[in-house]
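# Observations on the three-dimensional arrangement
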Amino acid sequence: MKALVLDGGRECDLLTPVAVLEMISALGERMDDVELVPLRERAIAMCTGCFGCWTRTPGECVQKDDAREVLRSYVASDFAVYVTPVTFGGYSSLLKAMLDRCIPVLDPRFTVVGGEVHHRLRYRRYPKTIVLGTLPSPDPETERLFTSLVARNGLNLHQTFEAEVLVGVTDPASARRYADQLLDRAGVTA
Amino acid sequence: MNALLLIGSPKGKKSASYMLGSKLADGLRDHGVTVHEAIVHQELRSEEKTGRLLDLVDSSDLVVLAFPLYVDSLPAQLTRFLEQAVGRGDRVTHAGRPRLAVIVQCGFPEAHQCDTAVGICRRFAESTGLGWAGALAMGMGGSLGEDFRKLPGGGKNILDALHMTAKSLAGECDVPDEAKSLFARQLMPRWLYTMGGNLGWRLQMRENKAKRPIGYRPYAQG
């Protein structure tokens, strides 16, 4: 079993590194293979909205950078874990840049999911997605927004994502407890 | 009144976001508002340019974000700009309270798929001390071409919504509910949009001389 962890933490972020480390540690006890991608250290250009990945080179972005290898690894994983500072209820721009570049894994043709129109899936199987957000202090409205964004992202992949927001968690023991709870909920077993 | 139109689409002036945003800007100008325009991703290319754009945000009475929905949210370029604006939070807050309005369109038929993106913009406004003026959100963005007159019904609902919104924002009021409702109205039946969209992808593939089938799986195992 393989897990891919996308670390969307910025340089100045104090909370996300703890969440990432403890998530990696928790995954390491349940998986054979855990790959960490610190997005701030990768060359990942932002999506240009050209739709070349659907209409020029179907399934592959026309931009040749690190995002291609991340996507290859994503498709080969059993679990994908996003870790990000919650940014106005959304993802950090680092993680968002990678997620915007993930649309090649979808087929452009439309289908109906949960009563709404979404895109068809390109692959037969996708990793189960788990999202861990970090917030410095309680902010229920931002947490609610983040949770609903994650749920909507799940619809795009025709699955249910699992999410948790760590509020003000700086000690490793608490971060580990949350990571374990989240993995239990997502059905990640040793 | 000074307004700033920020285009959050990486396609810049060739985008549906610009088509909609510039029409709103025209309406604001008709009501005596001075409107500056900027393509966000171009201003992120250097710290100096970003700094100048943030100064412009500080000195505006109204900021309008026009962008396409990317993965249920804002394009990464726009997210990065908002992060940088918060990095200078004191300046934005202390320079007064510019108001923030949003125009967002998505490629799915349902306008409500834009709700999380609108919520994110609203939280940004609240985090930085900007006033929240509201949002226009629409689906079926894939049918927006370069000319409103080619849309079903001549794009009347969209144009009326933008005119109403321009008048209201110029009068320092919020985006009217009637404008939100008109803007969100579907341009055509859902089945027609999805059928046309599916055909459109094939036609674009042919134009691009794509060598792979539409459902090709470059990263499939085995």
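Residues numbered from 1 in each chain as written. Chains lettered and ligands numbered in written order. Predicted model: local features only at pLDDT ≥ 70, side-chain atom pairs only at ≥ 80, totals over all residues. Heavy atoms only, no water.

## Considerations on the overall build of chain B
Looking only at helices and strands, chain B has nine helices and five strands in total. Helices and strands appear in chain B in the N-to-C order β-α-β-α-α-β-α-α-β-α-β-α-α-α. Over its C-alpha trace chain B gives a radius of gyration of 18 Å, about what one expects of a compact globule, namely 17 Å for 222 residues. By its C-alpha atoms, chain B is 55 × 45 × 25 Å across when sized along the principal axes. For chain B, restricting intrachain contacts to residue pairs at least 6 apart in sequence, the fraction spanning at least 24 positions comes to 77%. A total accessible area of about 10,000 Å² is found for chain B, and carbon and sulfur atoms account for 49% of it. Side chains of chain B carry 28 positive and 23 negative charges; the gap between the two charge centres is 9 Å. (Helix = DSSP H or I, 4+ residues; strand = E, 2+ residues; numbered from the N terminus. Rg over C-alpha atoms; globule rule 2.2 N^0.38 Å. Contact = heavy atoms within 4.5 Å. Areas by Shrake-Rupley, 256 points an atom, 1.4 Å probe, with all protein chains shown as cover. Lys, Arg positive; Asp, Glu negative; His and termini not counted. Charge placed at Lys NZ, Arg CZ, Asp CG, Glu CD.)

## Points about the nonpolar core
Among the nonpolar cores identified, the biggest contains 113 residues, and Leu6, Leu28, Leu65 and Ile158 of chain B are the most heavily contacted of them. Sequence-distant contacts of Leu65 of chain B, that is, excluding residues within four places in its chain, are made with Leu6, Leu78, Leu82, Leu100, Ala101, Val102, Ile103 and Cys121 of chain B. Residues Val5, Phe79, Ala179 and Val188 of chain A belong to the second largest nonpolar core, which totals 22 residues. (Core = buried A, V, L, I, M, F, W, Y, C linked by side-chain atoms within 4.5 Å. Buried < 20%, exposed > 50% of the residue type's maximum accessible area, 1.4 Å probe, protein only.)

## Notes on the side chain of Thr50 of chain B
By the secondary structure assignment, Thr50 of chain B is in helix α3 (residues 47-58). Residue contacts for Thr50 of chain B: discarding those within four places in its chain leaves Glu43, Leu44, Phe81 and Gln84 of chain B.

## Points about the environment of Ser15 of chain B
All names here are of chain B. Within the element layout of this structure, Ser15 appears in the loop between β1 (2-7) and α1 (16-30). Classification of Ser15 by relative accessible area gives buried; the value is 6%. Sequence separation of Ser15 and Asn208 is 193 residues, and the distance between their C-alpha atoms is 19 Å. Polar side-chain contacts of Ser15 include one of 3.0 Å to the backbone nitrogen of Tyr18. (Polar contact = N/O pair within 3.5 Å; in protein donor to acceptor, adjacent residues only side chain to side chain.)

## Observations concerning a nonpolar patch on the surface
A grouping of Trp191, Leu192 and Met195 of chain B is seen on the molecular surface, where their side chains present a nonpolar patch of about 340 Å² in accessible area. Look at Trp191 of chain B and you get exposed, because its relative accessible area is 56%. (Patch = residues over 30% accessible without salt bridge, like charges linked within 9 Å, V, L, I, M, F, W, Y side chains within 5 Å. Salt bridge = Lys/Arg side-chain N within 4 Å of Asp/Glu carboxyl O.)

## Notes on the interface of chain B and chain A
The interface is formed by 49 residues belonging to chain B together with 53 residues belonging to chain A. Across the interface of chain B and chain A, roughly 4,500 Å² is buried in total on both sides, 59% from carbon and sulfur atoms. Our count for the chain B to chain A interface comes out at four salt bridges. Ionic pairing is found between Arg212 of chain B and Glu60 of chain A, a salt bridge with its closest N-O pair at 2.9 Å. Summed over the shared surface of chain B and chain A, the result is 29 residue pairs in polar contact (both at pLDDT 80 or more). Among the secondary structure elements, those contributing two or more residues to the side of chain B that touches chain A are α4 (76-87), α6 (115-128) and α9 (190-207) of chain B. Ranked by residues supplied to the side of chain B that touches chain A, first place goes to α9 of chain B with nine residues. Of the residues in the side of chain B that touches chain A, the class split is 22 nonpolar, 16 polar and eleven charged. (Buried area = accessible area lost by both parts, 1.4 Å probe. Nonpolar A, V, L, I, M, F, W, Y, C, P; charged D, E, K, R; others polar.)

## A closer look at the confidence of the model for chain B
For chain B, the mean per-residue pLDDT works out to 93, and 95% of the residues sit at or above 70. Predicted complex metrics record ipTM = 0.95 and pTM = 0.95. (pLDDT = per-residue confidence, 0-100.)

## Considerations on the layout of surface pockets
Here the second largest pocket defines a volume of roughly 460 Å³. Along the wall of the second largest pocket there are 20 residues; nearest its centre are Arg10, Val86, Thr87, Leu135 and Pro136 of chain A. Residue assignment for the lining of the second largest pocket shows that the elements contributing at least two residues are β6 (128-135) of chain A together with α4 and α6 of chain B. Of the residues that constitute the lining of the second largest pocket, the class distribution is nine nonpolar, six polar and five charged. (1 Å grid on protein atoms, 1.4 Å probe; cavity = no way out; pocket = protein on both sides within 12 Å on 5 of 7 lines; lining within 4 Å. Points joined across faces, edges and corners; volume = space filled by probe spheres on them.)

## Quick look at the packing of aromatic side chains
Throughout the structure, instances matching the rule amount to ten aromatic pairs over all chains. Arranged with centres 5.2 Å apart and planes meeting at 80°, the rings of Trp54 of chain A and Trp201 of chain B form a pair that is edge-to-face. Here Trp201 of chain B lies in helix α9 and Trp54 of chain A lies in helix α2 (residues 52-55), a pairing that spans two chains. Taken as a pair, Trp54 of chain A and Trp201 of chain B share a single burial class, namely buried. On the basis of an interplanar angle of 90° and a centroid distance of 6.3 Å, the ring pair of Tyr82 of chain A and Tyr91 of chain A is categorised as edge-to-face. Just as Tyr82 of chain A is buried, Tyr91 of chain A falls in that class too. The structure contains a cluster of three or more aromatic residues connected by ring pairs, namely Tyr82, Tyr91, Phe146 and Phe161 of chain A. (Phe/Tyr/Trp six-rings, centres within 6.5 Å; stacked < 30°, edge-to-face > 60°.)

## Quick notes on the pairing of strand β2 (residues 33-38) of chain A
Residues and elements named next belong to chain A. With six bridges joining them, strand β1 (residues 2-7) and β2 adopt parallel strand pairing. What sits directly across from Leu6, in β2, is Val37. In this region the chain leaves β1, passes through helix α1 (residues 16-28) and returns to the parallel neighbour β2; the handedness of that crossover is right-handed. (Pairing = 2+ DSSP bridges. Right-handed = clockwise from strand over helix to strand, strands pointing away.)

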